[in-house]
Amino acid sequence: MPFLAVGSYRIRYELEGPDDRPAYVLVNGLTQYAELWAGYRTALVARGFRVATFDMLGQGESDKPGLFITQDDQVTALGLLIDQLGKGPVFLGGISFGGLIALRYAIAHPGRLAGLVVMSAFAEMSPQLLLIGNALRTALILGGVSYLQDLLLPMNVSDAWLKPLLGNLEAVKRQGWLTNDVYALQNLMESFLDFKPLTPQLASIGVPTLILNGEFDFLTPRSLHETLRLHIPDSALVIIPRAYHAFTLEKPALTADLLANFAENVLAGKWRGEKSVWIAPEEAGGALFPFPPDQDHLRAIPRTTVPT
Amino acid sequence: MNAFLGPLDSIGRVPPRQQTRVAAFLISAHGALARQLVFALPQQMKAGWQTELNAQFYRESEIVSLLLRTTSWVVDPELLMLAASWEAAWLPKPVNGPSDRLLASTIDLAALGHAVHGAIRPAALLPDKALAEDPFVMALRRIEFESGRMIQAQILFLKGQDLLPHRDAVNTAVGERHRQVRALWDTMLRGVGVERETAG
């Protein structure tokens, strides 16, 4: 199991695929761990990529600092991992908390990435997100990791995914419960205490950027992704049908396909972001289709937009 | 070596020798915290977080009492030596940095509490087939759950504004206590055939 030294701490990472291939680096969500990307490693390596996954500080098999972890520390660790990948093209993808760290990296290292994928992410703490985050932190403090999982599961995935697992939820939660320590998760959550919006810096992200948002994500809803789309110059927003916040877990084949297609288009010079809005296919292998230009993608109720 | 306690008996109970070692370690650690809290608790509280210490004192004592009554004890001669080494490890080690000796000792106590409540997860040792209604199993789950609550007093104090000027000393103290507690816990577990995956 390889580890990377970040100051006095160790980051556990995994590299798969030939080292002469374009690289994909995938960044976990808050309560996740690197093994959750196993299916992506297989799928992306099969598409000709080298894939790097890792546990952030405070997560999984990486060191868990006792008291303080800043988001800058996470960006530093991510940077060291990317430095391991040589000079070739690097695509960076992150979900939720990992999406935020990916955004921070892209802002801090404007020339290093070939492309960026932000999934279920945000650059601002809306009042709803702030209050949900505070409530989740209280839940962790009062009820532990298991109670936090109980709250996150129904927010993160669909009824269709949950229904067959309802009788076996403890087994679904067990690995995450074993992996996550209360104090370490709390440190990750408390790295938001001094959060400043990234929106003013989004314009400096010059690389092609794919923004993925679940159709029914109410933890980080469309409006938060819209901020990313409007401020990142070469971006496109793709809405994943019937998906919630954690669509990387629920729809891995589709998401891996979208990631691979994006990178292939960028490498082939075919990518056109243009702040466009698209709808993803229901299954892997299908084509994106444009969001109807006369409809408002921020609304659930069909509503014709007024051209400006 | 196994990642979890066991093998369990036919109805899902943890072997008595493992119960004895694990319980002895936890009684030693939580008992030491309870004893040190007696001396650290001020007669007149000056800060809000100190109210948590009062609750913690009683919870640490409850953990000791609970384990004494839920463990299937067996004779374990090695415990004499082991317990002595554990007790020596919990002795106060005032941190370097603050000139105020009382503050230096309190930081150490909080660092030890943070490590005992944060680094030791007894319920995570239970295989998923462990008998949920077994008193020892329930005790381990309760201790882990309560540890998640009790660590809050340490977090509030150690991350508090009052200790900002001593942040490096605090960080070092917490890191050292974590390493110490993890090493002792892992060594004890290896003695009963359990090899925990190490995360720092």
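A brief structural summary. Numbering of residues begins from 1 in every chain and follows the order in which that chain's sequence is written. Chains and ligands are labelled sequentially in the order written, the chains with letters from A and the ligands with numbers from 1. pLDDT decides what is reported in this predicted model: residues at 70 or higher carry local features, side-chain atom pairs at 80 or more are listed and counted, and totals for whole chains, interfaces and linings draw on all residues regardless.

Secondary structure follows DSSP: runs of H or I at least 4 residues long count as helices, runs of E at least 2 residues long count as strands, and numbering of each begins at the N terminus. Assigned secondary structure in chain B consists of 6 helices and 0 strands. Reading chain B from its N terminus to its C terminus gives the helix and strand order α-α-α-α-α-α. Along the longest, intermediate and shortest principal axes, the C-alpha atoms of chain B span 55 × 30 × 25 Å. Within chain B, the fraction of its 200 residues that count as buried is 38%. By sequence separation, contacts in chain B at least 24 residues apart represent 76% of the contacts at least 6 residues apart. With C-beta atoms placed from the backbone, the exposure class of a residue follows from how many other C-beta atoms lie within 10 Å of its own: 20 or more, buried; 12 or fewer, exposed; in between, partly exposed. We call two residues in contact if the C-beta atoms placed from their backbones are at most 7 Å apart.

Within chain A one finds 11 helices and 10 strands. For chain A, the spread of C-alpha atoms along the principal axes amounts to about 50 × 45 × 40 Å. Counted over contacts in chain A with a minimum sequence separation of 6, partners at least 24 positions apart contribute 74%.

Now for helix H4 (residues 101-119) of chain B. Take the number of residues in a helix, subtract one, and multiply by 1.5 Å to get its expected span. Over its 19 residues, H4(B) extends 26 Å from the first C-alpha to the last, a length consistent with the 27 Å expected when each residue adds 1.5 Å. A large share of H4(B) lies buried, amounting to 14 of its 19 residues.

All names here are of chain A. Strand S5 (residues 90-95) sits mainly inside the fold: 6 of its 6 residues count as buried. Burial along S5 is two-sided: Val 90, Leu 92 and Gly 94 facing one way and Phe 91, Gly 93 and Ile 95 facing the other are all buried. Should DSSP find at least two bridges between two strands, the strands are taken to pair. Pairing between strand S3 (residues 23-27) and S5: 5 bridges, direction parallel. Bridging across to S5, Leu 26 finds its partner in Gly 93. Sheet topology note: the S5/strand S6 (residues 115-119) ladder contains 5 bridges and is parallel. Note on S6: the bridge partner recorded for Gly 93 is Val 117. Place the viewer so that the strands point away; then a crossover is right-handed whenever the path from the first strand over the helix to the second strand goes clockwise. As a crossover connection, the stretch from S5 through helix H3 (residues 97-108) into S6 is right-handed.

Let's shift gears to the interface of chain B and chain A. Listed as interface residues are 19 residues of chain B and, on the opposing side, 16 residues of chain A. Counting residues per element, the ones that place at least two in the side of chain B that touches chain A are H4, helix H5 (135-158) and helix H6 (167-191) of chain B. The greatest single-element share of the side of chain B that touches chain A, amounting to 6 residues, is contributed by H5(B). Partitioning the side of chain B that touches chain A into residue classes produces 8 nonpolar, 8 polar and 3 charged. Gly falls in the polar group here, along with every residue not listed as nonpolar (Ala, Val, Leu, Ile, Met, Phe, Trp, Tyr, Cys, Pro) or charged (Asp, Glu, Lys, Arg).

The terminal C-alpha atoms of H5(B) lie 34 Å apart, and with 24 residues this matches the ideal 34 Å at 1.5 Å per residue to within 8%. Along H5(B), the sharpest change in direction is near 30° and occurs at B:Gly148. The seven residues ending at a residue and the seven starting there each receive a fitted axis; the angle between those axes is the bend at that residue.

We now examine the packing of helix H2 (residues 71-83) of chain A against H3(A). Residues and elements named next belong to chain A. Axes, fitted as lines to C-alpha atoms, cover a helix only where it is in contact. Angles between the N-to-C directions of the axes lie from 0 to 180 degrees. Contact geometry of H2 with H3 gives a least axis separation of 9 Å together with a crossing angle of 70°. Considering the angle they form, H2 stands roughly perpendicular to H3. Taken together, the residues of H3 that come into contact with H2 (itself represented by Gln 71, Gln 74, Val 75, Leu 78 and Gly 79) are Ile 101, Arg 104, Tyr 105 and Ala 108. Of the residues that constitute the contact of H2 with H3, the class distribution is 5 nonpolar, 3 polar and 1 charged. Angle categories: roughly parallel below 35 degrees, roughly antiparallel above 145, roughly perpendicular from 65 to 115, and oblique for all the rest.

Backbone hydrogen bonds hold the strands of a sheet together, and the pairing may be parallel or antiparallel. All names here are of chain A. One open sheet accounts for 10 strands, arranged S1-S2-S4-S3-S5-S6-S7-S8-S9-S10; its pairing is mixed. In this open sheet, the two edge strands, each paired with only one partner strand, are strand S1 (3-6) and strand S10 (289-290). The strands touched by helix H11 (residues 252-267) within the sheet are S3, S5, S6, strand S7 (209-214) and strand S8 (235-240), with S6 carrying the most contacts at an inclination of about 155°.

Within the largest apolar cluster, 137 residues are counted, with the highest numbers of intra-cluster contacts made by A:Tyr24 and A:Val238. Take this core: its biggest share by element is 11 residues, from H5(B). Non-local contacts of A:Val238, meaning those with residues more than four positions away in its chain, are made with A:Leu210, A:Ile211, A:Leu212, A:Leu258, A:Trp278, A:Ala280 and A:Leu288. Nonpolar core, as used here: buried Ala, Val, Leu, Ile, Met, Phe, Trp, Tyr and Cys residues forming one set through C-beta atoms within 7 Å.

Right, let's talk about the packing of helix H7 (residues 182-190) of chain A against H5(B) for a bit. Where H7(A) meets H5(B), the closest approach of the two axes is 10 Å, and the angle between their N-to-C directions is 50°. On the basis of the axis angle, H7(A) is oblique to H5(B). Where H7(A) crosses over H5(B), the handedness of that crossing is right-handed. Together, A:Val182, A:Tyr183 and A:Gln186 of H7(A) and B:Gly148, B:Ile151 and B:Ile155 of H5(B) make up the contact between the two elements. A class-by-class count of the residues in the contact of H7(A) with H5(B) yields 4 nonpolar, 2 polar and no charged. Crossing chirality is assigned from the near helix's rotation relative to the far helix, an anticlockwise turn below a right angle marking it left-handed and a clockwise turn marking it right-handed.

Time to look at the environment of A:Phe289. Residue and element names in this part refer to chain A. By secondary structure assignment, the location of Phe 289 is in strand S10. The spatial distance from the C-alpha of Phe 289 to the C-alpha of Asp 181 is 42 Å, given a sequence separation of 108 residues. Sequence-distant contacts of Phe 289, that is, excluding residues within four places in its chain, are made with Trp 278 and Ile 279.

The next point concerns the pairing of strand S4 (residues 50-54) of chain A. Residue and element names in this part refer to chain A. A large share of S4 lies buried, amounting to 5 of its 5 residues. Alternating residues of S4 divide into Arg 50, Ala 52 and Phe 54 and Val 51 and Thr 53, and every residue in both groups is buried. Here 4 bridges tie strand S2 (residues 9-16) to S4, and the two strands are oriented antiparallel to one another. Bridge pairing in S4 links Tyr 13 to Phe 54. Sheet topology places S3 next to S4; 4 bridges connect them, and they run parallel. The partner of Tyr 24 across the bridge, within S4, is Val 51.

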